[in-house]
Structure formats: C-alpha cells, structure tokens
Amino acid sequence: MHAMSALQVPARPFFLDASPGRRFVLFHAPAPQTECRGAIIYVPPFGEEMNMSRRMAAQQARAFTAIGFAVLQIDLFGCGDSSGDLRDAQWEIWKQDLVHAIAWVRHHASSRIILWGLRLGATLAIELARSSPYPVEGCIAWQPIISGEQYVTQLLRMRQAADMVATEALEGGTVQTLRTALKEGKIVEVGGYELPPALVADFDHIDLGTLDGLPCPVHWLEMTRSENASIPAARMDTVNAWIDRGIDVRVQSIAGPSFWGTREVVECPALISTSVQLLREAIA
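Analysis parameters
Here the residue numbering is sequential within each chain, running from 1 through the sequence in written order. The predicted nature of this model means local features are confined to residues of pLDDT at least 70 and side-chain atom pairs, given and counted, to a pLDDT of 80 or more, with totals for whole chains, interfaces and linings taken over all residues. The basis for every side-chain value is the complete set of heavy atoms in the structure, and neither hydrogens nor water enter the calculation. Site definitions follow a grid-based scheme: protein atoms alone, a 1 Å grid, a 1.4 Å probe that fits but cannot get out for cavities, and for pockets an open set with protein on both sides within 12 Å along at least five of seven lines, plus lining residues having an atom within 4 Å of a point. Grid points are joined across faces, edges and corners, and a volume is the space filled by probe spheres set on the points. Helical segments are the DSSP runs of H or I of at least four residues, strand segments are the runs of E of at least two, and each set is numbered from the N terminus. Only Asp, Glu, Lys and Arg are considered charged, only Ala, Val, Leu, Ile, Met, Phe, Trp, Tyr, Cys and Pro nonpolar, and every remaining residue, Gly among them, polar. Simply put, an axis is a line fit to the C-alpha atoms, just over the touching stretch for a helix, and the angle between two N-to-C directions goes from 0 to 180 degrees. The scheme is simple: roughly parallel for angles under 35 degrees, roughly antiparallel for over 145, roughly perpendicular for 65 to 115, oblique for anything else. Contact definition: two residues touch when any of their heavy atoms are within 4.5 Å. Stacked, tilted and edge-to-face are the three classes applied to pairs of Phe, Tyr and Trp rings, where Trp contributes its six-membered ring and a pair requires centres within 6.5 Å; stacked means planes under 30 degrees apart, edge-to-face means over 60, and tilted covers the rest. For each residue, the accessible area found with a 1.4 Å probe, counting protein chains only, is set against the maximum for its type, and the residue is called buried under 20%, exposed over 50%, and partly exposed in between. A pair is scored as a salt bridge if a Lys or Arg side-chain nitrogen falls within 4 Å of a carboxyl oxygen belonging to Asp or Glu. Between N or O atoms, a polar contact is any pair within 3.5 Å; within protein, one atom must be a potential hydrogen donor and the other a potential acceptor, and residues adjacent in sequence are included only when both atoms are from side chains. A pair of strands counts as paired when DSSP detects no fewer than two bridges linking them. For crossovers, right-handed means that the path from the first strand over the helix to the second runs clockwise, given strands pointing away from the viewer. pLDDT: the predictor's confidence for each residue, scored from 0 to 100.

Here we take up the layout of surface pockets. For the largest pocket, the calculated volume is near 850 Å³. Around the largest pocket, the lining is made up of 30 residues, and of these Glu49, Arg119, Gln154, Met158 and Trp260 lie nearest the centre. Those elements giving two or more residues to the lining of the largest pocket turn out to be helix 1 (48-52), helix 5 (148-167), strand 8 (193-195), strand 9 (218-224) and helix 8 (233-244). It is helix 5 that contributes the most residues to the lining of the largest pocket, 5 residues altogether. Residue composition of the lining of the largest pocket, by class: 14 nonpolar, 10 polar and 6 charged.

And the structure:
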C-alpha cells in the first residue's frame, strides 16, 4: 500500500457549469497540513474502462493530495453523472469540459495546472495541453491511446466477440459491417455503451504519432505484464518520433495489471507510487 496521510479532507462533489449543461466533478483539497503546490485535473477513460478504473483513480487522487496537490475529477459530457447523452458527445465538447475545469481550478485552488489521464483520457489531456487557453505545466499519461482508429476497431471487435458468444454466429456483424453501419449514421452499442457515428469519426482522426509539438513535458507511464517485459515497438515508435520533434516525453514502464479492462477490481500500487514520485521530483 502507498503511504497516505492520516488527515484527509473528504472529496467535495458538485456540478460545474459548462456548455452545454453541467458536469459532475469531485474536488479533492490538499491535505490540511500541506501547502497547495498545484492542481491536477483527472481525465477518465471511455465507457466501461471509466467504471473499472474508479478505484485506482480515487486512490491516486488521495495520494496526490497527501503531497499537497488539489485534484479535480470530472465526468465528461454524456458520461457518468454529467448532463447530456453520449450520442451527442463530441471530442471538442470534451476539450471544452477540460477548459471549464481548468478555469474553475485556477480560481479556487491554483494556477499551476497538471493534466492526468488514463487511456483515451490521457490522449484527450495531451491534445488539450497543446491547445489550452490556460498554461498547462505537464501531463501524466497512463497508457495513452495512440491511434483512435485502432481503438475503435478494438471496441468493435469486442462487440463482434460478444455477438459470437450470444449467437454462436456473426449475426451481429463483423468489424467491417459494424463500420459500415456507423458510416450510414447508425449507432452501434459496445458493452452497454452507445458509439455514435459522429464521436467515432472524431476518434478516427486521433493520431498521437503525428503530434508535432507540446508546450509541456509528458510523463508517459506504460503498463507491462512483468518487470522484464518491454514496451511494444509500435508504441516506442511514437515516443521516439516525439523526441525527434523536440517533444519532452519521458516514458517509464510499470509492471502490473491492465486494471481498466479487467472484470475484477484490481489495483496497481506501483503505478500510484511512481506517479507520486514524478510530482515530488517536479516540485523539488
């Protein structure tokens, strides 16, 4: 277990005015005995991954507050307890959600902003850092999605696999037929979540490999199955391409489970302690 302060301020839930509607957020104030060293905004992953990672997100948020950081966790438009329907969600709306979150945090906690995200949330955080109207001092990216098109394909394969289990046939459609349905404007359901065509089109345009500049460092934390496992070559290709373009990216592998994609709620203490250490070094 990671070290935790005995004194913790309970997280404060509230609804943040945004456009359109309001967003549900949880605000964690820094531990009472510490000075506020900055504020972190957590960007969750998509769909069921958000639910499966809630425990890890909560533990990490508390660990960050113990060393003096405020943390704001946000449910994006159409997700969780925020207003809106997922079928109306757009990548740009989600970016604006983060802008609203940053503005609130700058007013109520600190102007020193760090974005922290998991999977698709990490990708969104990185893209927002590049275009944010407010300065962002860094990103902590847990297992970011590099290619949105490949990510959608993975989601559709999950739907195909579920169809095979349910019907022992491909009556639900192959990945290609599901792609065709999306192009025809039909909503495809994956794991209880709707994939609207417009949002899928937004996802398809995501390609971190083509990123040509960032104003802040990215701490890229990659989960591996064992301590001796290497980071996949395709993902290291993106890291190396960033370095060649002058992007300050620092990649580190962490041995542990893919907690966002397991049926059981699992933890990865090493990921939490490593993320805390990154911030300790940043404020040293």
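Still more to cover.
The N-to-C vectors of helix 3 (residues 91-108) and helix 4 (residues 120-131) enclose an angle of 70 degrees; their axes lie 10 Å apart at closest approach. Looking at the two axes, helix 3 sits roughly perpendicular to helix 4. Along the contact surface, helix 3 presents Trp91, Trp94, Lys95, Leu98, Val99 and Ile102, while helix 4 presents Leu120, Thr123, Leu124, Glu127, Leu128 and Ser131.

Moving on to the packing of aromatic side chains. Considering all chains together, one arrives at 15 aromatic pairs under this definition. Judged by centre distance (4.3 Å) and plane angle (45 degrees), the rings of Tyr42 and Trp116 are tilted. Of this pair, Tyr42 sits in strand 3 (residues 38-43) while Trp116 sits in strand 5 (residues 113-118), and the two are 74 residues apart along the sequence. Of the two residues, Tyr42 and Trp116, both sit in the buried class. With a centroid separation of 5.1 Å and an interplanar angle of 80 degrees, the aromatic rings of Phe259 and Trp260 are classed as edge-to-face. Trp260 shares its class with Phe259; the two are buried.

Under the definition given, this model contains 12 salt bridges. With a closest N to O distance of 3.7 Å, Glu92 and Lys95 form a salt bridge. Taken together, the positions of Glu92 and Lys95, both in helix 3 and 3 residues apart, correspond to about one turn of that helix. Judged by its relative accessible area of 46%, Glu92 falls in the partly exposed class.

By the secondary structure assignment, Gln73 is in strand 4 (residues 69-74). For Gln73, a relative accessible area of 13% corresponds to the buried category. In this structure the side chain of Gln73 is engaged in a polar contact, spanning 2.5 Å, whose partner is the side chain of His28. Among residues more than four places away in sequence, those in contact with Gln73 are Phe24, Val25, Leu26, His28, Tyr42, Ala57, Ala58 and Ala61.

Looking now at the pairing of strand 9. Counting buried positions over the 7 residues of strand 9 gives 7, a clear majority of the element. The alternating pattern of strand 9 places Val218, Trp220, Glu222 and Thr224 on one face and His219, Leu221 and Met223 on the opposite face, and all of these are buried. As judged from the 4 bridges shared by strand 6 (residues 138-142) and strand 9, these two strands associate in the parallel manner. Bridge assignment links Ala141 to a residue of strand 9, and that residue is Trp220. For the crossover that starts at strand 9, traverses helix 8 and ends in the parallel strand 10 (residues 249-255), the hand is right-handed.

To continue, consider the confidence of the model for the protein chain. For the protein chain, per-residue confidence averages 92 on the pLDDT scale, and 93% of positions sit at 70 or higher. Note that pLDDT drops below 50 for residues 1-6; the model gives that stretch 11 contacts with residues more than four away or on any other chain.

Here we come to the side chain of Asp97. With respect to the helices, strands and loops of the structure, Asp97 is situated in helix 3. The class for Asp97 is buried, based on a relative accessible area of 0%.

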